[in-house]
Amino acid sequence: MNISNINVRVDNEVKIAAELIFKKLGINMTSAINMFLRQTINDNGLPFQPNLNDSNLNQETLDAIEEGRKIARDLNVKGYTSIEELRKSLEV
């Protein structure tokens, strides 16, 4: 097995907090990072969904997100299975 080193700069408080969690899990930082990298490969992407913290969004954006969620849940709202179908509906 070929081994590579990775040097990462992180805030010291973040490192300490993470190490405490890893210790409780019975793993060290190296194992945790290897797990993260392997899961990234397995998922062919990040092993979690990045998102914006709602507290950083203004009220107009939050209202638009909620409206979109309501529309997505509403069975009475017409949906489209292709871009062609959507385009046809717009040609009124």
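Since this is a predicted model, take the numbers as computed values, not measurements.

## Focus: the overall build of the protein chain
Okay, step 1: From N to C terminus, the protein chain includes four helices and zero strands.
Okay, step 2: Taking 92 residues into account, the globule formula puts the C-alpha radius of gyration at 12 Å, and the protein chain, at 22 Å, lies well above it.
Okay, step 3: With the C-alpha coordinates of the protein chain rotated into their principal frame, the extents come out at 60 × 35 × 25 Å.
Okay, step 4: The 92 residues of the protein chain split such that 4% are buried.

## A short note on the environment of S4
Okay, step 1: Here S4 shows up in the segment before α1 (12-25).
Okay, step 2: Judged by relative accessible area, which is 64%, S4 ranks as exposed.
Okay, step 3: Between the alpha carbons of S4 and E85 there is a distance of 51 Å; along the sequence they are 81 residues apart.

## Considering unusual backbone geometry
Okay, step 1: You will see that N44, though not glycine, has its phi angle at about 55 degrees, which is positive.
Okay, step 2: For N44, the location among the structural elements is in the loop between α2 (29-43) and α3 (59-73).

## A look at a nonpolar patch on the surface
Okay, step 1: Together, I6, V8, V10, V14, I33, F36, L37, L46 and F48 give the surface a local cluster of nonpolar side chains, amounting to about 820 Å² of exposed area.
Okay, step 2: Looking at the element boundaries, L37 is found in helix α2.
Okay, step 3: For L37, a relative accessible area of 35% puts it in the partly exposed group.

## Points about the confidence of the model for the protein chain
Okay, step 1: Here the protein chain averages 89 in pLDDT, while 95% of its residues score no lower than 70.
Okay, step 2: No element of the protein chain has a lower mean pLDDT than α3, which averages 88, and none a higher one than α2, which averages 95.

## With respect to the pattern of salt bridges
Okay, step 1: For the coordinates displayed, the defined rule picks out three salt bridges.
Okay, step 2: Between K15 and E19 there is a salt bridge, and its shortest N-O distance comes to 3.1 Å. Separated by four residues within a single helix, K15 and E19 lie in helix α1, roughly one turn from each other.
Okay, step 3: Notably, a salt bridge pairs R73 with E66, separated by 3.5 Å at the nearest N-O pair.
Okay, step 4: On the accessibility criterion, R73 (54% relative accessible area) is exposed.

## Let's talk about α3
Okay, step 1: With 15 residues, α3 extends 21 Å from end C-alpha to end C-alpha; this agrees with the ideal 21 Å at 1.5 Å per step.
Okay, step 2: Sitting at the amino-terminal end of α3 is N58, which places a side-chain oxygen 3.2 Å from the backbone nitrogen of E60.

## A few points about the environment of E19
Okay, step 1: Using a relative accessible area of 31% as the deciding quantity, one classes E19 as partly exposed.
Okay, step 2: Residues E19 and A32, 13 residues apart in the sequence, show an inter-C-alpha distance of 9.4 Å.

Here is what the cut-offs are and how they apply
Residues numbered from 1 in each chain as written. Predicted model: local features only at pLDDT ≥ 70, side-chain atom pairs only at ≥ 80, totals over all residues. Heavy atoms only, no water. Helix = DSSP H or I, 4+ residues; strand = E, 2+ residues; numbered from the N terminus. Rg over C-alpha atoms; globule rule 2.2 N^0.38 Å. Buried < 20%, exposed > 50% of the residue type's maximum accessible area, 1.4 Å probe, protein only. Patch = residues over 30% accessible without salt bridge, like charges linked within 9 Å, V, L, I, M, F, W, Y side chains within 5 Å. Areas by Shrake-Rupley, 256 points an atom, 1.4 Å probe, with all protein chains shown as cover. Salt bridge = Lys/Arg side-chain N within 4 Å of Asp/Glu carboxyl O. pLDDT = per-residue confidence, 0-100. Expected span 1.5 Å × (residues − 1). Polar contact = N/O pair within 3.5 Å; in protein donor to acceptor, adjacent residues only side chain to side chain.

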